[in-house]
Amino acid sequence: MTVHFVGAGPGAADLITLRAQRLLASCRVCLYAGSLVPAEVLAHCPPDARLVDTADLTLDEIVAELVAADARGEDVVRLCSGDPSVFSAVAEQVRRLEQADVAYDVVPGVPAFAAAAATLGRELTVPAVAQSVVLTRFAQRATPMPAGEDLTTHATPGTTLVLHLAVQAIDEVVAQLTPRYGADCPVAVVAYASRPDEVVLRATLATIAAQVRAAGVRRTAVVVVGTALAAAHFPDSHLYSASRTR
């Protein structure tokens, strides 16, 4: 038996991998965050599977469920919103499973930033405009950011910045980024990316805060900042150039 940490994707039930669907269909226990994982994804589970909403559980209670399932010899899926590799709290769960000698594996999922970029119809890396993407978050009601990882450190003109857990502090985000990116820098906020109730806001650093307040967006959103969002005049990639030696 193995605990499977499975990326549930950004929300749409059909934006999970075939492997994720197969594991959900065969699991006896499924742990999920009810505020982040829609019921349509859980529909892949067997009708008699034990479904555990972790929204109100502590880390100790979540790990206890995983260890208990292991002791019973039951297959268990721990659903993570988006992709388990970023902002998923998998690290601390894995650490405790290793201490308990419980086997586990990780199944990647579609991350929220990728779903947001798809909705926007934009590539986050554009030739001669932006070739780096920084995924980070804003520390407000969460674990403090490590030294040297504040917004102003990551805010480098030409870099596409993707912020998680930041939309509630949009005024502070704007205040910190404007001196580095400029007030006219393009910004997009995508809430509930890929879901039927998806909200998309396009603006600049000077105007995004007002749009966020007017739309009432307060959670489950990513903030994307950078010139790649509005790039129009840039050279073609060398990848498909006729001058490239093949």
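Going by an unreviewed UniProt entry, the chain carries the name Precorrin-4/cobalt-precorrin-4 C11-methyltransferase and comes from Jatrophihabitans endophyticus. Word for word, the UniProt comment on the chain under Sequence similarities (unreviewed entry) is "Belongs to the precorrin methyltransferase family." Under Pathway (unreviewed entry), UniProt gives the following word-for-word description of the chain: "Cofactor biosynthesis; adenosylcobalamin biosynthesis."

(A) Broad picture of the sheet that holds strand E7 (residues 159-164). As summarised here, the arrangement of the five strands in space is E6-E7-E10-E8-E9, forming an open sheet in which the pairing is mixed. In this open sheet, the two edge strands, each paired with only one partner strand, are strand E6 (132-137) and strand E9 (199-204). The mean inter-strand angle of the sheet, taken between neighbouring strand axes irrespective of direction, is 15 degrees. Summarising the sheet, E7 and strand E10 (residues 221-225) pair through four bridges and their orientation is antiparallel. Considered in E10, the bridge of His164 is made with Val222.

(B) Spatial organisation of a nonpolar patch on the surface. Together, Phe87, Val133 and Leu135 give the surface a local cluster of nonpolar side chains, amounting to about 220 Å² of exposed area. Residue placement: Phe87 occurs in the loop between strand E4 (76-80) and helix H4 (90-99). Taking the relative accessible area as the measure of exposure, Phe87 reaches 44% and is therefore partly exposed.

(C) Representation of the nonpolar core in the model. Core analysis: the largest hydrophobic core is formed by 28 residues, its most contacted members being Leu177, Val189 and Ile208. Of all the elements in the fold, those that place two or more residues in this core are E7, helix H7 (170-181), strand E8 (186-191), E9, helix H8 (208-215) and E10. Sort the elements by how many residues they give to this core and H7 lands first, with five residues. Setting aside its immediate chain neighbours within four residues, Leu177 contacts Leu151, Ala155, Leu161, Leu163, Gly182, Leu205 and Val225.

(D) Highlighting the packing of H7 against H8. It is the contact of H7 with H8, at a shortest axis distance of 9 Å, that shows an interaxial angle of 170 degrees. For the element pair H7 / H8, the angle class is roughly antiparallel. In this structure, H7 uses Ile170, Asp171 and Val174 to contact H8, whose residues at the interface are Ile208, Ala209, Val212 and Arg213. When grouped by side-chain class, the residues that make up the contact of H7 with H8 number five nonpolar, no polar and two charged.

(E) View of H4. Every buried residue belonging to H4 is among Val90, Gln93, Val94 and Leu97, and all of these are buried. Buried residues of H4, seen end-on, are gathered within an arc of 100 degrees and therefore sit on one face of the element. Every exposed residue of H4 that faces more than 90 degrees away from the buried side is listed here: Ala91, Arg95 and Gln99. Elements that come into contact with the buried residues of H4 comprise strand E1 (3-7), helix H3 (59-72), E4 and strand E5 (104-107). Immediately beyond the C-terminal end of H4, within one or two residues, lies Asp101, with a positive phi of roughly 60 degrees.

Calculation criteria
Residues numbered from 1 in each chain as written. Predicted model: local features only at pLDDT ≥ 70, side-chain atom pairs only at ≥ 80, totals over all residues. Heavy atoms only, no water. UniProt positions renumbered as here; feature names shortened; annotations may be inferred. Pairing = 2+ DSSP bridges. Helix = DSSP H or I, 4+ residues; strand = E, 2+ residues; numbered from the N terminus. Axes fitted to C-alpha atoms, helices over the stretch in contact; angles between N-to-C directions. Patch = residues over 30% accessible without salt bridge, like charges linked within 9 Å, V, L, I, M, F, W, Y side chains within 5 Å. Areas by Shrake-Rupley, 256 points an atom, 1.4 Å probe, with all protein chains shown as cover. Salt bridge = Lys/Arg side-chain N within 4 Å of Asp/Glu carboxyl O. Buried < 20%, exposed > 50% of the residue type's maximum accessible area, 1.4 Å probe, protein only. Core = buried A, V, L, I, M, F, W, Y, C linked by side-chain atoms within 4.5 Å. Contact = heavy atoms within 4.5 Å. Parallel < 35°, antiparallel > 145°, perpendicular 65-115°, else oblique. Nonpolar A, V, L, I, M, F, W, Y, C, P; charged D, E, K, R; others polar. Arc of directions from axis to C-beta.

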